[in-house]
Amino acid sequence: TTLHFWRSTSGFEVDLLLGGAIAVEVKATERVQEKDLRGLKAIREEKNIARTILVCREPRPRLVDGIEIMHWTRFLDILWGDKLLPRREPTIVRR
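Residues numbered from 1 in each chain as written. Predicted model: local features only at pLDDT ≥ 70, side-chain atom pairs only at ≥ 80, totals over all residues. Heavy atoms only, no water.

Re the side chain of serine 8
Following the sequence through the fold, serine 8 ends up in the loop between β1 (3–7) and β2 (13–18). The buried category is assigned to serine 8, whose relative accessible area is 5%. Within polar-contact distance, the side chain of serine 8 engages the side chain of serine 10 at 3.1 Å. (Helix = DSSP H or I, 4+ residues; strand = E, 2+ residues; numbered from the N terminus. Buried < 20%, exposed > 50% of the residue type's maximum accessible area, 1.4 Å probe, protein only. Polar contact = N/O pair within 3.5 Å; in protein donor to acceptor, adjacent residues only side chain to side chain.)

Take a look at the structure:
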């Protein structure tokens with residue numbers, strides 16, 4: 001899986017772009033505000049993003065405009081549990 005940083009021509013940014021399909025923004029806040037979602041909303045407009053996640057210190061997960069907001073420990077559980085990226089079947093190459 002590839003890992004990238006993303007910035008739009010107008011200056012919006014997203015911290016992590018995983019496999020070109022999952023956008024992750026990390027904030028230290030305990031209360032996400034509308035301004036914290038700008039980069040994730042911008043990347044959805046420019047790219048075909050399957051999942052947008054804002055990782056923060058809010059205690060309860062919630063969904064805002066299709067953006068998943070979750071506590072950093074929950075995100076790490078999902079990441080380390082191998083549940084973040086969809087599983088792909090191995091490709092068999094026959095010669």
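Now that the structure has been shown, we can carry on.
What about the nonpolar core?
A general feature of soluble globular proteins is that nonpolar side chains tend to end up buried together. By size, the foremost hydrophobic cluster in this structure holds 15 residues, and its most contacted members are Ala23, Leu37, Ile43, Leu54 and Ile69. Every element with two or more residues in this core is listed here: β2, α1 (38–46), β4 (51–56) and β6 (67–71). Here this core takes 3 residues from α1, the largest share from any one element. Excluding residues that lie within four positions of it along the chain, alanine 23 makes contacts with Val14, Leu16, Leu17, Leu40, Ile43, Ile49, Arg51, Thr52 and Ile53. (Core = buried A, V, L, I, M, F, W, Y, C linked by side-chain atoms within 4.5 Å. Contact = heavy atoms within 4.5 Å.)

Thoughts on the sheet that holds β4
Taken together, the 6 strands give an open sheet; going across it, the order is β1-β2-β3-β4-β6-β5, and neighbouring strands pair in mixed fashion. At either margin of the open sheet sits one strand with a lone partner, and together these are β1 and β5 (62–64). Each strand of the sheet is rotated relative to its neighbour by a mean of 30 degrees, with strand direction disregarded. The pairing of β5 with β6 spans 3 bridges and is antiparallel. Along β6, the bridge assignment pairs arginine 62 with isoleucine 69. The strands touched by α1 are β1, β2, β3 (22–26), β4 and β6; relative to β2, the strand with the most contacts, the crossing angle is about 60 degrees. Helix α2 (residues 72–80) rests against β3, β4 and β6 of the sheet, and its axis sits at about 105 degrees to β6. (Pairing = 2+ DSSP bridges. Axes fitted to C-alpha atoms, helices over the stretch in contact; angles between N-to-C directions.)

Let's talk about the pattern of salt bridges
Close approach of charged atoms allows side chains with opposite charge to pair. All chains considered together, the criterion is met by 8 salt bridges. For glutamate 34, the salt bridge goes to lysine 41, with nearest N and O atoms at 2.3 Å. Ionic pairing is found between arginine 51 and glutamate 68, a salt bridge with its closest N-O pair at 2.6 Å. Residue arginine 51 is found in strand β4, and its partner glutamate 68 is found in strand β6; the two are separated by 17 residues along the sequence. Its relative accessible area of 21% is what places glutamate 68 among the partly exposed residues. One continuous salt-bridge network, built from bridges that share partners, spans Arg31, Glu58 and Arg62. (Salt bridge = Lys/Arg side-chain N within 4 Å of Asp/Glu carboxyl O.)

Here's the deal with unusual backbone geometry
Unusually for a residue other than glycine, aspartate 65 sits at a positive phi of about 50 degrees. Using a relative accessible area of 49% as the deciding quantity, one classes aspartate 65 as partly exposed. A positive phi angle, near 60 degrees, is found at aspartate 82, a position not held by glycine. As for its position among the elements, aspartate 82 is in the segment after α2.

Worth remembering: the numbers are spatial, not functional.
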